[in-house]
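These are the residues of each chain, in order.
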Amino acid sequence: MGNGHHSGEKIVMRLTKIEGHIRGIQKMVQEGKPCSDVLHQIAAVQSALAAAGKLLFEDHFQHCIIDKISNSTLRDELLQFKETMETFSRGMR
């Protein structure tokens, strides 16, 4: 995958599964499945999409930002900031 994404294949695989899952949801709606079942599947897709986004963000942060920084102090500060943001975002769920 271009742009230095080391997790490109994993991300594409996840997105392909999500695409299939969305088609399944469309079919559920067309078949008149219960709203609660459809909503449950939509929540699963949202969770899967968030996980794919997180994987891409981590890949981007490491390989497109951190690996290109020659200043070790700045690199360490950014890694610490990332850890802080992860801790903070876990508390917001």
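Everything discussed here concerns the structure shown above.
Residues numbered from 1 in each chain as written. Predicted model: local features only at pLDDT ≥ 70, side-chain atom pairs only at ≥ 80, totals over all residues. Heavy atoms only, no water.

A. A look at the packing of aromatic side chains. This structure, assessed with the given rule, holds 1 aromatic pair. Aromatic side chains Phe57 and Phe61 sit 6.1 Å apart centroid to centroid with 25 degrees between the ring planes, which places their arrangement in the stacked category. Of the two residues, Phe57 and Phe61 are both situated in helix 2 (residues 35–65); the distance of 4 residues between them amounts to about one turn of the helix. The class of Phe57 is partly exposed, set by a relative accessible area of 47%. (Phe/Tyr/Trp six-rings, centres within 6.5 Å; stacked < 30°, edge-to-face > 60°. Helix = DSSP H or I, 4+ residues; strand = E, 2+ residues; numbered from the N terminus. Buried < 20%, exposed > 50% of the residue type's maximum accessible area, 1.4 Å probe, protein only.)

B. Structural context of the nonpolar core. Of all hydrophobic cores here, the largest spans 6 residues; its members are Ile18, Ile25, Met28, Val38, Val45 and Ala52. Elements that contribute at least two residues to this core include exactly helix 1 (8–30) and helix 2. Here Ala52 is in contact with Arg14, Leu15 and Ile18, once residues within four sequence places are set aside. (Core = buried A, V, L, I, M, F, W, Y, C linked by side-chain atoms within 4.5 Å. Contact = heavy atoms within 4.5 Å.)

C. Fine view of a nonpolar patch on the surface. A cluster of nonpolar residues, Phe81, Met85, Phe88 and Met92, forms a patch on the protein surface that exposes about 450 Å² of accessible area. Mapping Phe81 onto the fold places it in helix 3 (residues 72–91). (Patch = residues over 30% accessible without salt bridge, like charges linked within 9 Å, V, L, I, M, F, W, Y side chains within 5 Å. Areas by Shrake-Rupley, 256 points an atom, 1.4 Å probe, with all protein chains shown as cover. Salt bridge = Lys/Arg side-chain N within 4 Å of Asp/Glu carboxyl O.)

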